[in-house]
Amino acid sequence: MGFFNKLFGKKEKESLDQGLQKTKEGFMTRITKAIAGKGTVDEEVLDNLEEALVGADVGIETTVKIIERIEKRVAKDKYMNSSELNGMLQEEIEQILVDAPQSNTYAFDSPLPSKPYIILVVGVNGVGKTTTIGKLAYNFKKAGKQVLLGAADTFRAAAVDQLTIWSERTGVPIVKQPMGSDPAAVAFDTAQSAVSRGSEVVLIDTAGRLHNKAHLMDELSKIKRVIQKFIPDAPHEVLLVLDGSTGQNALEQARQFTAATDVTALAITKLDGTAKGGVVLAIADQFKIPVKFIGVGEQMEDLLVFDKHEFVDSLFNPAKPA
Ligand SMILES: Nc1nc2c(ncn2[C@@H]2O[C@H](COP(=O)(O)OP(=O)(O)OP(=O)(O)O)[C@@H](O)[C@H]2O)c(=O)[nH]1
Ligand SMILES: [Mg+2]
C-alpha cells in the first residue's frame, strides 16, 4: 500500500506517529526485551513474546492468534535473528488485521450512500463522543459536505453547550432543545431539519450516563425508532466511541455495547498520551465491526481514519524523516 495514499498523507502519518508514541515505546520495549539476543525461536522466546503482547494490551485472544501464526512459521526455520523475528511479527499482526472482515477505507469526501446520512454516536460517559462529533463535523465540512449536528444528549447540563461550542468552532448548524427535553424528540427534529435543509451528513450526540445501562439502551432504541418514523433506513451508521486509554476496559465496553445495540462502526479515542494503544489491535481483530476512526488529541484536526497498514507501520517503525 502506498505511503501517501488518499486517506493517509504525510500530515496524517506524522500525527499517527506522534499519537502512538507512548504505545509504541511500551510495545517495542516489551517486544525487544522478549526477543533480544535470541538466535532461535524456542518455547522461551514465544512465552516471552506472549507475555509482552498481553502486557501491551493486545488482549489474550488476539495474542494467542499472533503466537500461533508465528509458531507455524517458525516450525520450518527456528533460526532467525531478532530483527527477522521482529519483521515477522509485524507481518503477522498486520495480516491478522487485514484478515478481519472489515473495510478500512473511509474518505470524508467520498459520496455517501444516502442523503441525509445519519450517524448516531453512542458510548459510555466521558469516552469522547461529543469531541469525536466535533472532529467529524470539521472533517466532513472541510471535504465540502453539508453537515448538521443534533444535540440529543439532554441529560447533562453542559452537554448541549459543549456541542454548541463545536457547532460554532466548525461553523456547522445545530438542532437543540433545553436540557431535560426528550432526546428522541431532538433526534426527530434533527432528522426533519436535515431533510428540509438538504444536509448530507447528520451527527447525533447521545448521553453516555443515564440512570442505568438498561435505561441507556432503551433510550438509544427509542431514538432509533423515532428517527425511523421519518427516515426508515436511518440511522445509517451507529458509531460506538471507545476510550483507548482504558485498555482492556474498552474491549469490555465494545463487547457489552455490541451485544445490546446494533453498532456499525467503532471509533477509538485518546490514543495520545496512553501506552495502551495495543488494544486497538485487539478490538480490530475481535469484532466484526470495523474500527473506522482513531482519536489522537483534543483538537479538531486530531481524528484519523483508521488505516491498518499505517497503524502497524507506526507501531513498529521509527518515524520517517520529513
Ligand atoms: N487526549 C485526548 N483527549 C480526548 C480525545 N477525545 C476526547 N478527549 C477528551 O476527553 C474528554 C471527554 O470528551 P467528551 O467528548 O466530552 O466525551 P463524551 O463521551 O461526550 O462525554 P459525556 O458527554 O460526558 O458522555 C474531553 O476532555 C475531551 O477533550 C482524544 O482523542 N485525545
Ligand atoms: Mg458528550
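Here the structure is a predicted model, which is why all the values come from computation and not from measurement.

### Things to note about a negative patch on the surface
- A contiguous patch of negative charge on the surface is contributed by Asp42, Glu43, Asp47, Glu50, Glu51, Glu68 and Glu71.
- Secondary structure elements with two or more residues in the negative patch: α3 (43-55) and α4 (60-74).
- For the negative patch, the element with the most residues is α3, which contributes four residues.
- Looking at where Asp42 falls in the secondary structure, it is placed in the loop between α2 (21-35) and α3.
- Accessibility expressed as a relative area gives 31% for Asp42, which makes it partly exposed.

### Some details on the site of ligand 1
- Residues in contact with ligand 1 amount to 18 residues; listed here are only the nearest, Lys129, Thr130, Thr131, Asp272 and Glu298.
- In this structure, an oxygen atom belonging to ligand 1 sits 2.5 Å away from a side-chain N or O atom of Glu298.
- For ligand 1, whose unbound accessible area comes to 650 Å², protein coverage reaches 81%.
- Grouping the constituent residues of the shell around ligand 1 by class yields two nonpolar, nine polar and seven charged.

### Some details on the pairing of strand β4 (residues 201-206)
- When you tally the buried positions in β4, you get six out of six residues, the bulk of the element.
- Of the two faces of β4, the one lined by Val201, Leu203 and Asp205 and the one lined by Val202, Ile204 and Thr206 are each fully buried.
- Judged from the five bridges that link them, strand β1 (residues 117-122) and β4 form a sheet pairing that is parallel. The partner of Leu120 across the bridge, within β4, is Ile204.

Criteria and cut-off values
Residues numbered from 1 in each chain as written. Chains lettered and ligands numbered in written order. Predicted model: local features only at pLDDT ≥ 70, side-chain atom pairs only at ≥ 80, totals over all residues. Heavy atoms only, no water. Patch = residues over 30% accessible without salt bridge, like charges linked within 9 Å, V, L, I, M, F, W, Y side chains within 5 Å. Areas by Shrake-Rupley, 256 points an atom, 1.4 Å probe, with all protein chains shown as cover. Salt bridge = Lys/Arg side-chain N within 4 Å of Asp/Glu carboxyl O. Lys, Arg positive; Asp, Glu negative; His and termini not counted. Charge placed at Lys NZ, Arg CZ, Asp CG, Glu CD. Helix = DSSP H or I, 4+ residues; strand = E, 2+ residues; numbered from the N terminus. Buried < 20%, exposed > 50% of the residue type's maximum accessible area, 1.4 Å probe, protein only. Near = heavy atom within 4 Å. Polar contact = N/O pair within 3.5 Å; in protein donor to acceptor, adjacent residues only side chain to side chain. Nonpolar A, V, L, I, M, F, W, Y, C, P; charged D, E, K, R; others polar. Pairing = 2+ DSSP bridges.

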